[in-house]
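Close look at the chain arrangement
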Amino acid sequence: MNKDFKELLKVIKKNDIITIYGHINPDGDSFGSGLGLREILKTNFPDKKVYTVGYGLNHFYDRFGKYDEVSDEIIKQSLGIVLDCSEVERVSDQRIRLAKQIVKFDHHIENGPFFGIKYVDEGAIATCQIIYEFAKACKLKVNKHAAECLYLGICTDSGRFRYNPTNAKTHRIVADLFDLGIETKSMFDILYISDEPFVKYQALLVTRFKRTEHNVIYCCADFPDYDQFGLKFEQISKNVNVIGNIRGCPIWVLFTRSKEGTIRVEFRSNGINVQQVAVKYGGGGHMCAAGARLVDQKDFSLCMKIVEDLDKAVEGSFK
């Protein structure tokens, strides 16, 4: 067994209360790994109290389950497990700092040191993949419910198995999950369904994007742009691929500003390192998929500096 997995299992076994956390603005991998690990630990350690803390992605609740509500006192007595998040500052519930010990499983490039036991595999397409590998290595039972949560994260973080580093290992794990009885049609029904206002908003983004001298595609969306469709910031700030994959354009970036002045930045590329630019502006992520949050922004002037840096990344001159 991997020595890090062995140490993490040992810590888990020692704790009667476990709280699990993902990152701010959760995606399918953050959500799926959190609920999947909760199910695995509850199944294999029925005497432990295991909670997954977070918010968002309510449309998944009926199909996969939902986050738990826990008190500060419970967290203080718990082992905190960070999933799919490179640093504590980006954890969705900052009460994790109350936990008596913190460990993590992740696949993101680390921006700074993490003080605690961890397992980080930047070569894994999703944290859900790592959670399955952990369970298998530790001979923990994975039931159908847990398998479906893990499939959700692998499927979404891989862009439906299109992005690197999707590889043979990824597909072997997915085959195992199918052997456990997962049913994918109802998952895809949720993933691909859209409300009419949301589709109209995406159409607006398509008409708004601009292209730089070095073929960086960028788009700025402000509060009135989505408010006119009755949409909220939490609903619409993950639309970067609406303007992506345009021939000859290696990078695309979407800036979405909230009414309060927070700008969510989504970076994507088809090979150029955008993670280094995200880190410069307080974010992080992967080489070809990263993100950042800019606070107290009255306009998009700082975003234009980011676009300039992305142009430099295309040129190979970004430092």
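Higher on the page you've got the structure.
Right, let's walk through the structure included here. (Residues numbered from 1 in each chain as written. Predicted model: local features only at pLDDT ≥ 70, side-chain atom pairs only at ≥ 80, totals over all residues. Heavy atoms only, no water.)

**Looking at the packing of aromatic side chains**
To describe a pair of aromatic rings, you give the distance between the ring centres and the angle between the ring planes. According to the stated counting rule, one finds 16 aromatic pairs in the structure shown. Consider the rings of Tyr-61 and Tyr-67, whose centres lie 6.3 Å apart with planes at 85°: the pair is edge-to-face. Taking the relative accessible area as the measure of exposure, Tyr-67 reaches 11% and is therefore buried. Through pairs of rings, three or more aromatic residues link up here, namely Phe-31, Phe-60, Tyr-61, Phe-64 and Tyr-67. Seen from the ring of Phe-64, Arg-63 lies directly overhead, with NZ or CZ sitting 5.2 Å from the centre. (Phe/Tyr/Trp six-rings, centres within 6.5 Å; stacked < 30°, edge-to-face > 60°. Buried < 20%, exposed > 50% of the residue type's maximum accessible area, 1.4 Å probe, protein only. Lys NZ or Arg CZ within 6 Å of the ring centre and 35° of its normal.)

**Section: the sheet that holds strand 9 (residues 263–269)**
Strands pair in a sheet through their backbones, by hydrogen bonds, and they do so in one of two ways: parallel or antiparallel. Across the sheet, which stays open at both edges, the 6 strands sit in the order 6-7-8-9-11-10 with mixed pairing between neighbours. The sheet terminates laterally at strand 6 (210–211) and strand 10 (284–285), the two strands that pair on one side only. In this sheet, strand 9 lies alongside strand 8 (residues 251–257) in antiparallel orientation, the contact comprising 7 bridges. Bridge pairing in strand 9 places Leu-254 opposite Glu-266. Along the sheet, helix 9 (residues 196–208) contacts strand 6, strand 7 (216–221) and strand 8; its crossing angle with strand 7, the most-contacted strand, is approximately 130°. Packing against the sheet, helix 13 (residues 301–315) makes contact with strand 7, strand 8, strand 9 and strand 11 (289–294), and its axis sits at approximately 170° to strand 8. (Pairing = 2+ DSSP bridges. Helix = DSSP H or I, 4+ residues; strand = E, 2+ residues; numbered from the N terminus. Contact = heavy atoms within 4.5 Å. Axes fitted to C-alpha atoms, helices over the stretch in contact; angles between N-to-C directions.)

**Here's the deal with the sheet that holds strand 4 (residues 101–106)**
Taken in spatial order, the 5 strands of this open sheet run 2-1-3-4-5, and their pairing is parallel. In the strand order of this sheet, the two ends are held by strand 2 (49–53) and strand 5 (118–120), each with one partner. Each neighbouring strand pair of the sheet contributes to a mean axis angle of 20°, computed without reference to strand direction. Of the strand pairs in this sheet, strand 1 (residues 17–21) and strand 2 are connected by 5 bridges, and their pairing is parallel. Note on strand 2: the bridge partner recorded for Tyr-21 is Val-53.

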